[in-house]
Each structure stands twice: as C-alpha cells, then as structure tokens.
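# Survey of secondary and tertiary structure
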Amino acid sequence: MFVARSIAADHKDLIHDVSYDFHGRRMATCSSDQSVKVWDKSENGEWHCTASWKTHSGSVWRVTWAHPEFGQVLASCSFDRTAAVWEEIVGESNDKQRGQSHWIKRTTLVDSRTSVTDVKFAPKHMGLMLTTCSADGVVRIYEAPDVMNLSQWSLQHEISCKLSCSCISWNPSSSRTHSPMIAVGSDDNLNVGGKVQIYEYNENTRKYGKAETFASVTDPVHDIAFAPNLGRSFHVLAVATKDVRIFKLLPLRKEMSSSSGPTKFEVQTVAQFENHNSQVWRVSWNITSTLLASSGDDGCVRLWKANYMDNWKCTGILKGDGSPVNGTS
Amino acid sequence: MEEVDVEPAITVIPGVDSSQRHMGFVWGRGDILLYETQHKGTGSGEAGCPLIHVVRKDEDIYSPILRKLFNESHHIFVGLQQSKEETSSKTKRPQFVSVSKNYRSVIRACMEELQEVAVSTRDAALSAQCCSQVSILLAVELIWNLCEVLFIEAVPAGSLLLHLLDWVRLHKADVDEKAQEVLQSDSPARHHKYWDVVICYVLQGRMDEARQMLAKQASQQPAARSMFKTLDSLMKKMPVFNPAGSQTLTEFDLKWRHWHEECELHLQDGSFSSNSNLETICKILLGHEETLLNQKEQLSTWYHFLVSRLLYTHPSVKPTELHYYAQSSMDLFLDNRSDPEPLDSILLVAFEFDIHQVIKDCSIALSNWWFVAHLTDLLDHCKLLQSHNLHFGSNLREFLLLEYASGLFTHHSLWQLAVDYFDHCPEFGRIYLELQIERVPLDTERKALKVLRICEQRQLAEQVRSICKIMAKKAVRNNRLGSALSWSIRAKDAAFATLISDRFLQDYCARGTFSDLDLIDNLGPAMLLSDRLTFLGKYREFHKLYGEKRFAEAAKLLLSLMTARIAPRSFWMTLLTDALPLLEQKQVIFSADQTYELMHCLEELMSGETEPSDKRTVQEEDIETTKVELLRLALARNLAAAIVKEGTVDSL
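Worth saying up front: this structure is predicted, and the values here are computed from it rather than measured.

Rules of the game
Residues numbered from 1 in each chain as written. Chains lettered and ligands numbered in written order. Predicted model: local features only at pLDDT ≥ 70, side-chain atom pairs only at ≥ 80, totals over all residues. Heavy atoms only, no water. UniProt positions renumbered as here; feature names shortened; annotations may be inferred. Helix = DSSP H or I, 4+ residues; strand = E, 2+ residues; numbered from the N terminus. Buried < 20%, exposed > 50% of the residue type's maximum accessible area, 1.4 Å probe, protein only. Pairing = 2+ DSSP bridges. Phe/Tyr/Trp six-rings, centres within 6.5 Å; stacked < 30°, edge-to-face > 60°. Lys NZ or Arg CZ within 6 Å of the ring centre and 35° of its normal. Contact = heavy atoms within 4.5 Å. Buried area = accessible area lost by both parts, 1.4 Å probe. Salt bridge = Lys/Arg side-chain N within 4 Å of Asp/Glu carboxyl O. Polar contact = N/O pair within 3.5 Å; in protein donor to acceptor, adjacent residues only side chain to side chain. Nonpolar A, V, L, I, M, F, W, Y, C, P; charged D, E, K, R; others polar.

### Brief notes about the UniProt feature "repeat: WD" (unreviewed entry) in chain A
All names here are of chain A. Feature annotation in UniProt places "repeat: WD" (unreviewed entry) on residues 8–40 and 273–305, given in this structure's numbering. For residues 8–40, the helix share is 0%, the strand share is 58%, and the end-to-end C-alpha distance is 13 Å. Overall, residues 273–305 shows 0% helix and 55% strand. The separation of its end C-alpha atoms is 12 Å.

### Regarding the pairing of strand β3 (residues 26–31) of chain A
All names here are of chain A. In terms of burial, β3 is a largely internal element, six of the six residues being buried. Burial along β3 is two-sided: R26, A28 and C30 and M27, T29 and S31, pointing in opposite directions, are all buried. Counted between consecutive antiparallel strands, the loop separating strand β2 (residues 15–20) from β3 contains five residues, among which G24 sits at a positive phi close to 75 degrees. As judged from the five bridges shared by β3 and strand β4 (residues 35–41), these two strands associate in the antiparallel manner. When the bridges of β4 are listed, R26 appears paired with D40. Counting the residues between successive antiparallel strands, the hairpin from β3 to β4 contains three residues, one of them, Q34, with a positive phi of roughly 70 degrees.

### Digging into the packing of aromatic side chains
Evaluated as defined, the whole model comprises 37 aromatic pairs over all chains. When the ring of W61 of chain A is compared with that of F79 of chain A, the centres are 6.3 Å apart and the planes differ by 90 degrees; the resulting orientation is edge-to-face. Highlighted residues: W61 of chain A in strand β6 (residues 60–65) and F79 of chain A in the loop between β7 (73–78) and β8 (83–89), separated in sequence by 18 residues. We classify W61 of chain A as buried; its relative accessible area is 15%. Chaining the aromatic ring pairs together yields one cluster made of Y508, F535, Y539, F542, Y546, F551 and F571 of chain B. Across the ring face of F333 of chain B, the terminal group of K296 of chain B is positioned such that the distance to the ring centre comes to 5.4 Å. Across from the ring centre of F496 of chain B, 5.0 Å away, lies the NZ or CZ of K469 of chain B, which sits over that ring.

### What to know about the interface of chain A and chain B
The interface of chain A with chain B comprises 90 residues on the first partner and 80 residues on the second. Interface of chain A and chain B: buried area, both sides summed, is about 7,500 Å²; carbon and sulfur atoms make up 63% of it. Scanning the region where chain A abuts chain B turns up five salt bridges. In this structure, R465 of chain B and E69 of chain A form a salt bridge, with 2.9 Å as the shortest nitrogen-oxygen distance. Inspection of the chain A/chain B interface yields 25 residue pairs in polar contact (both at pLDDT 80 or more). Elements with a minimum of two residues in the side of chain A that touches chain B: β1 (2–8), β2, β3, β22 (280–285), β23 (291–296), β24 (301–306) and β25 (312–320) of chain A. Ranked by residues supplied to the side of chain A that touches chain B, first place goes to β25 of chain A with eight residues. For the side of chain A that touches chain B, the per-class residue count stands at 42 nonpolar, 28 polar and 20 charged. Pairing between β1 of chain A and strand β4 (residues 51–56) of chain B: six bridges, direction antiparallel.

Printed below as a string of structure tokens:
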C-alpha cells in the first residue's frame, strides 16, 4: 500500500471523524474545533473543500451521510449533548462556479442529557431514520416521516441500555430476511456484565427488544460494526474493545410458540486479536466485507482478512513514524 | 494444507506519530483514508498533523498499459466461459491449451509494450516502475507456461522433456543475441563469447545450431579435424524422441543408452583430451553433474540446470519423477547459500504437481489477483481442481474471481469488465454485484443509464429502483422537473411521482404554462403510476383539447376530473376558473346536467373551506370572493341558456 495523496484538512483542532458519502465522491470531516467540513472530489482526483461551518458548541464526535436517495444530507453529534441534521441547498450559479455550497440546519435533536457519542442512519429500506446514542445510556431512534421536509423528525423509540453507550451499528441486511437489528456498545468500566447488546425490532409489540447481550465482552467497547451481508444466513459483527473481536451470530430456529419474542442467537467468537497492545478504538468493514480495519492504542491501523478457509489474519499494518511530510498534493 | 505465516506488510504514513497519537481511518471504494487523532479526551486545542492521507493498494489498475492486459484477458475469459459443455475432457484439451496460449501471448504483448516504455521514457521513476512490472510479468508468464505444460497439456514421458526444453528455450533467449554478436564479428571462432554460445546451445539441446557454430572452429583448426568430426558425429547421432513417430519410449530409451555409452567410450579413450572445450562439451553430453554445475553462468537458473540435466541423463523422465529431480537440482544449484526466492518455491511446487499450493503461493507473492484468478479459472475448466468448500460454500475459483473483480470495480471504466466476472460466479457473483454496482458514481445521465441497463438485464430490481430514485432526487434538487419525473416513473416510485406532479401543478399555477410538455403528453400508461400523475396528464389533455377548440370534449374532461375525484381538492378552484371561459362562450358548451354538477362542485368546495381566513390577506380574500361570485353568475347564466337550448325543439 502507498500514500496516493495527502489533503490538508485545515481543521483548527483534532479531527474525530471522517465519513465518505455513498459513492465515494464526497467526504465530511468533523473536529474538536466544533465545525464540519465537506469536501468534493474532482475528476482528476483532487479534493476541494466546498463547505465549512460551525455545527455545535462542543467537540463534534461523528459525522455521517444519509443515503443519496434522500438527497444530500448529513448528521453530526457532539459533546454539547445534541445531534443535528444538515441539508445541502443548491446555491446560486456564482457559488457553483466558486466551488462553494451551503448547508443549512434542518433540525437539532436535544433529547440527550449527556454527550452524544454516535450518530448513524438506519438502512435505507427503513425510511429516513436517524439513531443516536449517548453517555446517558439511551439509544434514540428518530424518523422523518416526510422525506421532503427534513425539519420534522419524531422520536420513535428510546432504548434504555442502562450502561453508558459509545457506539451503535445497524445490521445492513435488507428487510425481507429479518427484522431491523441494532448493536450497541458500551464503554462503561464501572459495572460488570456484557458490554455489547443486540436489539431487534418486534413487529407485534412495535418496539425494540433485547435479543442478546455478549457476556464474553466485559471490557469497555469503543466501536462496533456489522459486516455487509453477503447472502449468508448468519451475521458477522466486529467489536473494538481491549482487543479486536469478530463474532458470528447464528439465528437459532424459532420455536413455533415463541415467534413473538426476539430471535435467539448462538454467538461464536470467530477471531480475537490483541496486537494493538491495549485498547482498540475503531473497527470498520470495507464495502465488500472482505477486509476489516482496526485502529488502537499502538497508533496503528491493522487490516484483517479471512482466507478462503475462513482463517483470519493480519494482512497489513499502517503505521505513522512521525517523519515529516514532504509536501502535500 | 499448512499456511505459511507471512508477515503483514507495513506501510509507513508520514506525518502521523503513532507513538503519540491514534490513527483514525475510513474505508473508501478503492482506498482508505487515514488521519491523526486522539480517541481519548475532548481535544487538545491543537490540530496535530493536519493531513488526511489517501492510501491505496493497487497501482496496477491505473496503469494504461496493463489496462490492455485486463481488457484482453477479459475477452478470453468470457469466451472460455461460453464454450459449450462437452462430455469428454479429452477433446477439450487442445482448446484449453489454445486458451492458455492466448493468455500468455497477451502477457507477452503487455511485457513488450512495458519494455518499450521503460527504454524510451526519460522519466526515471516511470522507467523503474515499468521495469519492475516487466519482471513481474516475466515471472508470471514463466509460471503460467510451466503450468500449461505440466497441468493442461499434461504430456507423458518422452514428450515431457521436449516441452520442458521449449519452455527453457523460450525463457533464455539471450543466447541468440550473443550468437548474432559472435557471427557478425570478423573472426567468430576467436570471439571471446564463442565458446559460451556453443555451450549454451548444447545445454539447450540445440544440436544443429551448436554444430554449425563448431564447424567455424573446425575450419580454423585443420589439425584437429578428426576430433571435431567425432564430436560432430556424436552430436548428430543423439537420439531425440519423436512423439508422432512409431518408436516406443522403451525403444527410444534403449537407443539413447547405446548413444550414451558411445559418448562415454570416446571420453575414456581421450578423443577430446587435447581440447578442454570439446572435452567439456562431451562431458555435458554425458550429463556429468560437476561439469554442468560449472556452467552456472550459462545456465543462470536452477530450472535450466534441471532440464539440461534431465536431457543428458534421463530424457525419458516421467511426470511423477520430476519433483525428485527438481528438488535435488535446486539444492545443487543454489548450493544452500541463500533461501529460495518465491518464484523458485512456486516452480518447485509446480514440478511436484501440487496445483493448490501453486495457486496459494502465487496469491501470496503477487499483489494483484489477475494471474491467479484467470489461471485458476482455466484449471477449473480443465477439471483439475478438487472442490474445496469455503465457509460459505463457494470454491477456490470463485473466491479468486470475486477478489479480482472487486478490485476492478473501483476503476472508473474497468468496472464494466468486472460485471462479466461476477456473472460467472454462480454462488456469490450476484450479491457481490448488487453490493458494488450501486456504489458506482452516477456522474452523468449517460453513466446512470449504463449502470441501469446492466441492472435491468440481470433483474436487479432493487438496484434499479434505487438508482432511479437517486437520479430523480438529484433532478428535483436542481429543479429539472421533467428529468425527475421520468426517473420517478422508471423507479416506479408512486410517492415521488406524486410529489413531482404537485410541483408541476404549482409551477403551472404560478406561471400559467407547463414545462416539459413533451414528457407529460407522452406519458402513456405510466400515467397510472400515481393519482396525481394521472391528474397531471389529464389536465394537460384538457388544455390541449381547449387549444384545439374541441370545447365539448374539453368540458366533459374537466368535469370528470372533479366528479371522478381525480383532481385534488386543492386544485378545484383552478379547474373551476378554467371552466369560466367555456361558460362564457356564446354557444352553450356545458349541458344543464353538467352545469348542475359544476354548481354542486362549487358548493362542495365552498362548504369544505373552513380554513381560518387569517391565513390569507384581506386582498386575497377579496379576490377569492370575486372569483366565486363570477363563477356563480357564469354558472347561472349557462344554466339558463342550456335549459332554453335543450327545451327548444329543433325546427327542421
């Protein structure tokens, strides 16, 4: 692997999240400088900042794009206890020529009493739904019933996880095969008990019920990610905790009588890696779910791949040696 | 199958200090972005390294010369998949050999082009890159060729050695260059490379050329003529197996042993003792190990040594015996001085006929999946791979093709090739395609249509809908309502079609004209997608009828829009206002019954309007009231006229 180019991000403080849009043509960055920047990739591969604005009154932890079916929409969450939804407005032709665009705030979600640690859009087949989780231990699911009017969002579900939440991940597989499922990770280090919880939507009660708690994960969890489903009958979940863990969730066949409860799963640990020395902070799957990347306290990013015998191995390490950069492109 | 534990490759990112900070990342379509960050705490007030690094793996798909390789091999691949299933694999073998040769010729063509660029360019970095790509392709072609000989052609003993000789000769072509140099000199026999050339020819079993060269020396030394003649005759008489001939392998073997003995006799009785070069040649003919090993420079590789050794000690070698000779040849030649290179290990494993290990080792050694994917596919067609069940039920061939094609998908034009590869992966091709095709950026309408066509051909209904929706949404944002509407129709998105129809109608109310008339006029059955769309179509039809002065039909249509509840209530006032000119015509257009209905509609509309009037200004209120009054008056007048007209008996 090699560094193809470097972009001067120009944030005045640490960058906490970078998010690519669905097609990989745009990117959003957010920072402790309380702003979000949007970048567009030109035909020759260069990135230009087309918008930069103050979004919150505290560090912005995460930023994420909605599916392009809903237009150009971003969501951000912050230490200031709020999450916000932003929409790009098609500007004057002058602006287009100058390569600038405008983003306006559509709504602010103020229900959390503590820092909002993660914000994610639900899979698009569920409509335009936004999910947040906070240090107050609550996962909130909001819906915009009218996709043409993004200023109206209603709080549809509040899931009380009882432990401070740090991350959420929706199971991306489509609706026909199973009910919506969301994994929640907790970075609580005071209580004992499993720090990964799986909630599943129940058609009958119209509520989210807990399907599973991973008893084997007892250390604080910093990140969690479902792998894209490749037509498998089971789900794959990566967890960033004191090590990198990969789990397989196999749905057990439902009994005829208990069809009203959440699906029962068998949870198998497929892989466990301690290479990052102490804490693993982020895990994320590539688009085809053939590679998992993780970053940790050793300051490195590691790439993990399963060979055709389903054995997981580290196939690459990306490491910074603090050497000065020659020049940006 | 034990996995060799390969150390993961380390890539260094400049500017990021891993000892002080964390590294954040995000996956892209063909790259990964990295940046310095800190996951603990709320920020330190300073940005640290301000750069975001774009890190990529494959350089190959961006090389314009290699692109030809991908394009042409794609062509061969598709052709291979489409060849019909026949019962006997024996009859298909020549076809597979020909496919294999096609692939190899594509590799060679690519190598030649790269070589040219490497030599002609002034850009040192480019030249270096081309050179390294050439050496990789050389290795690839070498391996492929050997696999073709051993696995696909799978020739028996006798022919086997001949094929291996061809293989070596093809990859050690520098002897011809040297020979040219020698022959073109003033005195070839005295050229310092003369004996090198002769020996090279002998090592490669090219007897005729060796003898021709020797003749030059012979003519220079008339005194030693008998010595040269003896050697020449030995070389001429060397038995060579003829696969097409009637001689059996046993007969050949016997003949060869006789010849070998004759050579031995001549060596023992000192026929060549006065000329060390000739004696060396004789020893080579006898397959003396030490002599052969002394020719390391001419042989340059252990596998050349292997083939030469076999040629002169055991030309009837069987395929099953190869691995023994290969291992010992490698050990002898490399002398345990250094570890074998990956290429050496792969060739050795090929000589052992361990196809799976060859594929595995190549996968590890090469960064691009191109080679292993195509070779494995071909070997699979030859039915040489045992089926190896993966954890999700696929096999090795499919695994490699999926990897290769996924890599292609991130390229702005090569992605189209990838589609065909996915098509020929029966287990997971479809879902991989679904996942990746929806990520292709829809920069232009043309590109979107291209992507759509591919999805429609394969009945990827959800992807079709999604792409159309994305395009519709983009069009709406840019106020291109016509485009948005046609995309919504294609997406079969009733809700969105309704929305856009509403916009059209709003536009009409604001400006008095329709935009995109062509589209609305030619909706056809698509009109039925949503009620609002149907109304839009019919409303436009009304305007057309009116324009063509077909008033009676226009009137009837207008009324039906309200009575059949096709028109949204919010639009009724506009419709009634449209009715005014028809009511105020000299001739009676609306019949009495129709007029009653219109009045009924008006009253319905009025009674339904319980909106708080503070929504409108006083001015607007006034206009509304005036409009209603006008309508009532016109309706009343029309009613009167209609009654009179209908009551009047036509006088004949």
